[in-house]
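Structure assessment
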Amino acid sequence: MRRLMMIGGCVLFLATSAMAQSDVEIARTSDAITHGEFAQMVLDIALGYEEATPDPITALEKLQIWGLAPTTWEADTPLTHGELASVLEHIGIEYLPAKPDAPVSGVFAQALLWREIGKLRDYNAKRLGHGFSSNHVLDAGVDRAVSPSDFN
């Protein structure tokens with residue numbers, strides 16, 4: 001009798017687990033961000049945008065002008081992991097999504113941008129052409145850091 005109950009319990013558990021998985025997928029889709037919202041996030045987090053955050057359309061236009069977003073993106077279209085990987089690769093950040101067509105949640109995008117904030121800010125510094133970034137010694141072509149012991 002116990003064996004039958006355990007088997008039944010396993011089947012019930014598997015059905016519950018499958019239902020929970022679909023709930024997770026629904027939650028991810030409902031938390032998906034658009035290209036415009038992603039552009040706003042980049043301006044706020046990664047590029048140290050100091051003015052009031054522009055609306056999603058204007059923010060996306062800025063990223064497109066700067067070469068960070070494809071010109072084919074539309075502000076109200078959901079961002080996919082494949083698109084995110086493509087943008088990050090352009091900057092020099094490696095990201096290999098398991099499901100490229102899956103929508104990106106706002107929490108995930110925000111965490112990823114904060115994790116790679118140094119590279120994103122370096123990209124902006126190089127784009128502006130002033131050559132100063134957190135890696136400014138390498139930007140100037142110097143192969144080593146200058147030390148006071150090198151001065152005569």
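Above this note sits the structure.
Now for a description of the structure that goes with this document. (Residues numbered from 1 in each chain as written. Predicted model: local features only at pLDDT ≥ 70, side-chain atom pairs only at ≥ 80, totals over all residues. Heavy atoms only, no water.)

Attention now moves to the overall build of the protein chain. Summing up its helical and strand segments, the protein chain has seven helices and zero strands in all. Listed N to C, the secondary structure of the protein chain is α-α-α-α-α-α-α in terms of helices and strands. Residue burial in the protein chain is summarised as follows: out of 152 residues, 32% are buried. Residue pairs in contact within the protein chain that sit at least 24 positions apart in sequence constitute 48% of those at least 6 positions apart. (Helix = DSSP H or I, 4+ residues; strand = E, 2+ residues; numbered from the N terminus. Buried < 20%, exposed > 50% of the residue type's maximum accessible area, 1.4 Å probe, protein only. Contact = heavy atoms within 4.5 Å.)

Grouped together as the largest cluster of nonpolar side chains are 30 residues, with contacts concentrated most on Phe 38, Leu 63, Trp 73, Leu 79, Leu 84, Ile 91 and Leu 113. Top contributing element to this core by residue count: helix 2 (residues 35–46), with six residues. Setting aside anything within four residues of it in sequence, one finds Leu 84 in contact with Phe 38, Leu 79, Tyr 95, Val 104, Phe 108 and Leu 112. (Core = buried A, V, L, I, M, F, W, Y, C linked by side-chain atoms within 4.5 Å.)

If you walk through the whole model with that rule in mind, you get one cavity of 30 Å³ or more. Taken together, Phe 38, Val 42, Leu 63, Leu 68, Val 87, Leu 88, Ile 91, Leu 113 and Leu 120 form the lining of the largest cavity. Those elements giving two or more residues to the lining of the largest cavity turn out to be helix 2 and helix 4 (81–91). Counting residues per element, the lining of the largest cavity draws most heavily on helix 4, which supplies three residues. Here the lining of the largest cavity is composed, by residue class, of nine nonpolar, no polar and no charged. (1 Å grid on protein atoms, 1.4 Å probe; cavity = no way out; pocket = protein on both sides within 12 Å on 5 of 7 lines; lining within 4 Å. Points joined across faces, edges and corners; volume = space filled by probe spheres on them. Nonpolar A, V, L, I, M, F, W, Y, C, P; charged D, E, K, R; others polar.)

Okay, the packing of aromatic side chains next. Taken as a whole and judged by the stated rule, the model has two aromatic pairs. Relative to Trp 73, the ring of Phe 38 lies with its centre 6.3 Å away and its plane at 70°, an arrangement referred to as edge-to-face. In this pair, Phe 38 is assigned in helix 2 and Trp 73 in the loop between helix 3 (56–66) and helix 4, connecting sequence segments 35 residues apart. Judged by relative accessible area, Phe 38 falls into the buried class, the value being 2%. Centre to centre, the rings of Tyr 95 and Phe 108 are 5.7 Å apart; their planes meet at 45°, and the pair counts as tilted. One end of the pair, Tyr 95, is in the loop between helix 4 and helix 5 (106–115); the other, Phe 108, is in helix 5, with 13 residues separating them in the sequence. The exposure class of Phe 108 is partly exposed, given its relative accessible area of 31%. (Phe/Tyr/Trp six-rings, centres within 6.5 Å; stacked < 30°, edge-to-face > 60°.)

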